[in-house]
Amino acid sequence: MAASKDMLGSSSPLLLERSSFLPNSRDLLLRRPNELCFSPLVLPTRKGRLNAGRNFKAPVAAISETPPLIKRMWASEEKPVKFTVRAALTVRKKSKEDIKETIANHLDALSDKIGRNVVLELISTQIDPKTKKAKKSSEAVLKDWSKKANVRTERVIYTAEFVVDSSFGDPGAITVRNRHQREFYLETIVVEGFACGPVHFDCNSWVQSSRDHPENRIFFSNKPYLPSQTPAGLKDLRENELKVLRGDGKGVRKSSDRIYDYAKYNDLGNPDKGIEGVRPTLGGDEIPYPRRCRTGRPPTDSDMGAESRVEKPYPMYVPRDEAFEESKQDTFSAGRLKAVLHSLIPSLIASIDADNQDFKGFHDIDKLYKEGLLLKEGLQDHLLKKLPFVSKIQESSQGLLRYDTPNIISKDKYAWLRDDEFARQAIAGINPVNIERLQVFPPVSKLDPEIYGPQESSIKEEHIVGQLNGMTVQQAIEAEKLYMLDFHDAYLPFIERINAYATRTIFFLSQTGTLKPVAIELSLPSTTPSRPPKRRVLTPPTDATTHWKWQMAKAHVCSNDAGVHQLVNHWLRTHACMEPFILAAHRRLSAMHPVFKLLHPHMRYTLEINALARQSLINAGGVIESCFTPGQYCMEISAAAYRGWRFDQEGLPADLVRRGMAVPDPTQPHGLRILIDDYPYASDGLLIWSAIEKWVRTNVDRYYPDASRIKSDAELQAWYAESIRVGHADKKDEPWWPALDRPEHLTSVLTTLIWLASAQHAALNFGQYPLGGYIPNRPPLMRRLIPDESDPEHSNFLADPQRFYLSSMPSLLQAINFMAVVDTLSTHSPDEEYLGERQQPSTWTEDAEIVEAAYEFSAEIRRIEGVIERRNADPKLKNRCGAGVLPYELLVPSSSPGVTCRGVPNSVSI
């Protein structure tokens, strides 16, 4: 109040913000002086951004002294004066409705006319001294629902009017009771008429019919509160809402439920189909794994420990607000239709023509992009005799059966054959997070030598010394010139069951800043316990025969890389390991909590896409088992990797240091010196990491100025503890979990989570089709080993090495199944929300300091995009610029819809 006197002068009159929603400004004058509230005035700057809180905080309503008339009215009134306030509710409508929804919509319009409508009630932040409960407004009915039933816009605004008295205080919550038959999606509510100015409620939630869910829905205003700061009128509501979201852990979940709970991965198999459908439960002492969202489905008939499955097209349960919105669902469904059409026709062809299983030449692969898989007239006639619906499929699928040309062959069709391109993709491809600096030579395994033989690699100095520009191996190590892709320990325990190699690849860093492969080790397990494992070392070729063997060795490395990328780095580290933190956030952090507001955009759609993965991708017989070398053991490889997972090493700086790709250096901009100057993933990633870290630190400093605030925040501590003790229960006793006891620790934890959900996932996901859609570049599986001279197949290899090479690759059917799925997974939907692009900050937080920081974060992300684009045009950076070299755009923040090989969404949304 003193500040307002300084600004306005002691004799300034009462100022009120004008609004079309204000029913009568005289009513607001009757509010007691100590109940007037202030809201920062948001002023436009010259750049068009909103500047909230930078020396522009002007009072919306202020008085210097109570006018004599109002003093007399307060003195003469025994009861507070009642006045009317108005709410505007934005409801998002479906663009498509089936016949049942259309009928229900009409019934709701009719029932609304006779009183079965949507009822709202405002809840004050203050306690009524008489009832000892929060003050409430009169109930209000949503107006004109029936009149607007046929409006064909995406969003419809409805209004409601509440009667409150002048002692009501500030509105802190609003309840909604839906007495219609159908649910509806409530985006926002804005209440105007209070002296504090418009009050925003950021809802973005489905409101169920009271027939299915009798309890009222509660939405809190956008003003953030730590638990200890919660106004008295909201405390019970805050606690009760979290209890509703946690549920009781019992029963089968309905699609309309909003309950978040945990379960083990015991639904990947279907033992009722026989032994081939059995898969182990992931999670627990025997096979540690993160927890997933509980559905409560009953057990299978043949195994009480396995949860029964839900197969397509029936949906897997996720809390209602976690399901894909309509435009996202349309994009995903279109991708699934593509996958069906892409795989159906070749399946039919393969069932009739046994010779059509393999690619006969590279021209067969090229035809997938040029001609597609449309049936030729003669073959169509042949199929029609047995399968009459083929013609209909072809007629309705024009353009759907031809694949887009992947980026990897768009600039140079044969680049993938070159050693330098093979090496470049280790630092600028779809899996740039496995390469590590070689610090011990020969490389050493961590596997038990009693089971897997000698730990020391078979790669010797004589294998590589001729490729080191005159250096010895030790000199090259000391000069930080040797790097490695090591998949030996990830694959060797499973090799006997999957018929593949466990590979190691050594790279040398040249003077131009590019890598070149100098040796590949291929390992097979021993045939008898007394004999060492079979290992062979291949080096760059010197003749035609060694050339083809070298190409096959690189293909096996890529196959190892593709499996670890998909099962460990992508699925485990960004999808599965994030899910417990998301479940705990909804269960333990109120929507009013500033940390929940910070994390909320980074949790969008993750539970839904993970549920869809359990249904179709990582399940027994699913796409991952069908398309990747480990087959039915895919998820066991993922679980084996979880044993070595550490949350404290998941942040980008810690990961780079762990792999030896960077060393701490306080003189560098990000506190690290990257050892390969042109390491696109690392150099671009650190820009984004630092921007996220600054944004998070601003939030943490705003609400937690000291350690005591963090330690005393019951919700925050409960969220973090439950994420570890329940969500990551199999690792709850590990000593490396960061303690949540200081602002810097909280900043680190939150920065890591946001990094994993946004930039890390984007770097690992959205290049899957552009860089992996050309199968020879990155085969997800290999079907044949490399024959040595004593092998009977060696003569076939010598007679036609190209055909032998292609027959080692996935079959036509395996290839197009894989391509169709990664095409869908690489697609941005039209409703994607990208890093730095969130809805207007003032709608989700009232805090002017955070609003300003959000705009600064957005501006920094846009600046980073410009830096990356300039780097991609710099000819000195040969790993991202040059003849036929693809630019590294996977960490460019923005993108248009579709398969773009760029764009950093806020969350793991696909």
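Parameters and conventions
Residues numbered from 1 in each chain as written. Predicted model: local features only at pLDDT ≥ 70, side-chain atom pairs only at ≥ 80, totals over all residues. Heavy atoms only, no water. UniProt positions renumbered as here; feature names shortened; annotations may be inferred. Helix = DSSP H or I, 4+ residues; strand = E, 2+ residues; numbered from the N terminus. Buried < 20%, exposed > 50% of the residue type's maximum accessible area, 1.4 Å probe, protein only. Contact = heavy atoms within 4.5 Å. Areas by Shrake-Rupley, 256 points an atom, 1.4 Å probe, with all protein chains shown as cover. Phe/Tyr/Trp six-rings, centres within 6.5 Å; stacked < 30°, edge-to-face > 60°. Lys NZ or Arg CZ within 6 Å of the ring centre and 35° of its normal. Axes fitted to C-alpha atoms, helices over the stretch in contact; angles between N-to-C directions. Parallel < 35°, antiparallel > 145°, perpendicular 65-115°, else oblique. Left-handed = near helix turned anticlockwise from the far one by under 90°. Nonpolar A, V, L, I, M, F, W, Y, C, P; charged D, E, K, R; others polar. Salt bridge = Lys/Arg side-chain N within 4 Å of Asp/Glu carboxyl O. Expected span 1.5 Å × (residues − 1). Polar contact = N/O pair within 3.5 Å; in protein donor to acceptor, adjacent residues only side chain to side chain. Core = buried A, V, L, I, M, F, W, Y, C linked by side-chain atoms within 4.5 Å. pLDDT = per-residue confidence, 0-100. Pairing = 2+ DSSP bridges. Patch = residues over 30% accessible without salt bridge, like charges linked within 9 Å, V, L, I, M, F, W, Y side chains within 5 Å.

In the nomenclature of an unreviewed UniProt entry, the chain is known as Lipoxygenase of Acorus calamus. According to the UniProt record, the Pathway (unreviewed entry) comment for the chain is "Lipid metabolism; oxylipin biosynthesis."

Draft legend 1. The overall build of the chain, seen in detail. Along its length, the chain carries 32 helices and 22 strands. Out of the 910 residues in the chain, the part that is buried amounts to 57%. Within the chain, residue pairs in contact and separated by at least 24 positions form 74% of the contacts whose partners lie at least 6 positions apart. Here the chain displays about 38,500 Å² of accessible surface, and carbon together with sulfur accounts for 51% of that area.

Draft legend 2. Quick peek at the packing of aromatic side chains. Inspection of every chain in the model, using the stated rule, returns 29 aromatic pairs. For the pair Tyr 265 and Tyr 289, a centre-to-centre distance of 5.2 Å together with 90 degrees between the ring planes defines the contact as edge-to-face. Of this pair, Tyr 265 sits in the loop between strand E12 (262–263) and strand E13 (292–293) while Tyr 289 sits in the loop between E12 and E13; the two residues are 24 residues apart in sequence, bridging distant segments of the chain. In this structure, Tyr 265 and Tyr 289 share a single accessibility class: buried. Members of the aromatic cluster, connected to one another through ring pairs, are Tyr 265, Tyr 289, Trp 571, Phe 581, Tyr 642, Trp 645, Phe 647, Trp 719, Tyr 720, Trp 736 and Trp 737. One cation-aromatic arrangement involves Arg 92 over Tyr 185; the distance from NZ or CZ to the ring centre is 4.1 Å.

Draft legend 3. The arrangement of the packing of helix H17 (residues 579–588) against helix H25 (residues 714–727) in detail. H25 packs onto H17 with a crossing angle of 140 degrees between their chain directions and a minimal axis gap of 9 Å. Relative to H25, the element H17 lies oblique. As for the relative orientation of H17 and H25, their crossing is right-handed in sense. Here Pro 580, Phe 581, Ala 584, Ala 585, Arg 587 and Arg 588 of H17 lie close against H25, whose contacting residues are Glu 715, Ala 718, Trp 719, Glu 722, Ser 723 and Gly 727. Across the contact of H17 with H25, the residue classes tally to six nonpolar, two polar and four charged.

Draft legend 4. Expanded view of the pattern of salt bridges. Summed over all chains, the structure comprises 52 salt bridges. Residues Asp 486 and Arg 504 are paired through a salt bridge, measuring 3.3 Å at the closest nitrogen-oxygen approach. With Asp 486 in strand E15 (residues 482–486) and Arg 504 in strand E16 (residues 502–509), the pair connects residues that are 18 residues apart, well separated along the chain. When its relative accessible area of 22% is taken as the criterion, Asp 486 is described as partly exposed. Since its relative accessible area comes to 0%, Arg 504 is described here as buried. Put simply, Arg 880 and Asp 684 hold a salt bridge, and the shortest N to O gap is 2.6 Å. Here the residue Arg 880 occupies a position in the loop between helix H32 (848–872) and strand E22 (898–899), and Asp 684 occupies one in helix H23 (residues 680–703), the gap between them amounting to 196 residues. For the pair shown, Arg 880 and Asp 684 are each scored as buried. Overlapping salt bridges, with partners in common, bring together Arg 92, Glu 154, Arg 155, Glu 187, Glu 325, Arg 604, Asp 831 and Glu 833 in one network.

Draft legend 5. Local environment of H25. Between its first and last C-alpha, H25 extends 18 Å over 14 residues, near the 20 Å set by a 1.5 Å rise per residue. Turning to H25, its buried residues are Glu 715, Leu 716, Trp 719, Tyr 720, Glu 722, Ser 723, Ile 724 and Gly 727. In the core, the buried residues of H25 are packed alongside helix H5 (235–246), E12, H17, helix H18 (594–599), helix H24 (707–712) and helix H26 (743–765). The N-capping residue of H25, defined by a side-chain oxygen 3.2 Å from the backbone nitrogen of Glu 715, is Asp 713.

Draft legend 6. Summary view of the nonpolar core. Among the nonpolar cores identified, the biggest contains 180 residues, and Tyr 289, Tyr 679 and Trp 719 are the most heavily contacted of them. When residues of this core are assigned to their parent elements, the largest contribution, 13 residues, is made by helix H16 (residues 544–576). Setting aside anything within four residues of it in sequence, one finds Tyr 289 in contact with Tyr 265, Leu 282, Gly 283, Trp 571, Leu 572, Ala 576, Met 635, Ser 638, Ala 639, Tyr 642 and Asp 730. Judged by nonpolar contacts, the second largest core, of 30 residues, contains Phe 83, Leu 122, Leu 142 and Val 199.

Draft legend 7. The side chain of Thr 125, seen in detail. Here Thr 125 lies in strand E4 (residues 118–127). Relative accessible area serves as the criterion here: at 13%, Thr 125 is assigned to the buried category. Setting aside anything within four residues of it in sequence, one finds Thr 125 in contact with Asp 170, Pro 171, Gly 172, Tyr 225, Pro 231, Ala 232, Gly 233 and Leu 234.

Draft legend 8. Examining the side chain of Ser 209 more closely. You can see Ser 209 is positioned in the loop between strand E10 (199–207) and strand E11 (217–220). We classify Ser 209 as buried; its relative accessible area is 1%. Setting aside anything within four residues of it in sequence, one finds Ser 209 in contact with Asn 178, His 180 and Gln 181.

Draft legend 9. Region of interest: the environment of Phe 507. With respect to the helices and strands, the residue Phe 507 is situated in strand E16. By relative accessible area, which is 0% here, Phe 507 ends up buried. Linking Phe 507 and Ala 519, residues twelve residues apart in sequence, is a C-alpha distance of 7.4 Å.

Draft legend 10. Geometry of helix H10 (residues 419–428). Counting buried positions along H10 yields eight of ten residues, so the element is predominantly enclosed. Within the sequence span of H10, burial applies to Glu 421, Phe 422, Ala 423, Arg 424, Gln 425, Ala 426, Ile 427 and Ala 428. The inward-facing, buried residues of H10 abut E15, E16, strand E17 (515–524), H16 and H23.

Draft legend 11. Spotlight on the confidence of the model for the chain. Per-residue pLDDT for the chain has a mean of 86; in total, 85% of the residues score no lower than 70. Contacts from residues 375–380, a stretch scored under 50 in pLDDT, to residues over four places away or in other chains number nine contacts.

Draft legend 12. Structural detail: the sheet that holds E16. Pairing is antiparallel in the open sheet, where five strands are placed in the order E14-E15-E16-E17-E18. Single-partner strands in this sheet number two, and they are strand E14 (436–437) and strand E18 (534–538). Here E17 runs beside E18; their pairing, made up of five bridges, is antiparallel. Counterpart to Glu 521 in the pairing with E18 is Val 537. Seen against the sheet, H16 touches E15, E16, E17 and E18 and runs at an angle of roughly 80 degrees to E17.

Draft legend 13. Representation of the environment of Leu 716 in the model. Looking at the element boundaries, Leu 716 is found in helix H25. By relative accessible area, which is 0% here, Leu 716 ends up buried. Placed 122 residues apart in sequence, Leu 716 and Pro 594 show a C-alpha to C-alpha distance of 9.9 Å. Other than its neighbours up to four places away in sequence, Leu 716 contacts Leu 589, His 593, Val 595, Tyr 704, Ile 710, Leu 740 and Leu 746.

Draft legend 14. Representation of the sheet that holds strand E9 (residues 184–192) in the model. With antiparallel pairing, the four strands of this open sheet are ordered in space as E7-E3-E9-E10. One side of each edge strand has no neighbouring strand; the edge strands of this open sheet are strand E7 (155–165) and E10. Each strand of the sheet is rotated relative to its neighbour by a mean of 20 degrees, with strand direction disregarded.

Draft legend 15. Local environment of a nonpolar patch on the surface. A cluster of nonpolar side chains, contributed by Ile 99, Ile 103, Leu 107 and Leu 110, occupies part of the molecular surface with about 390 Å² of accessible area. Along the chain, Ile 103 turns up in helix H4 (residues 99–113).

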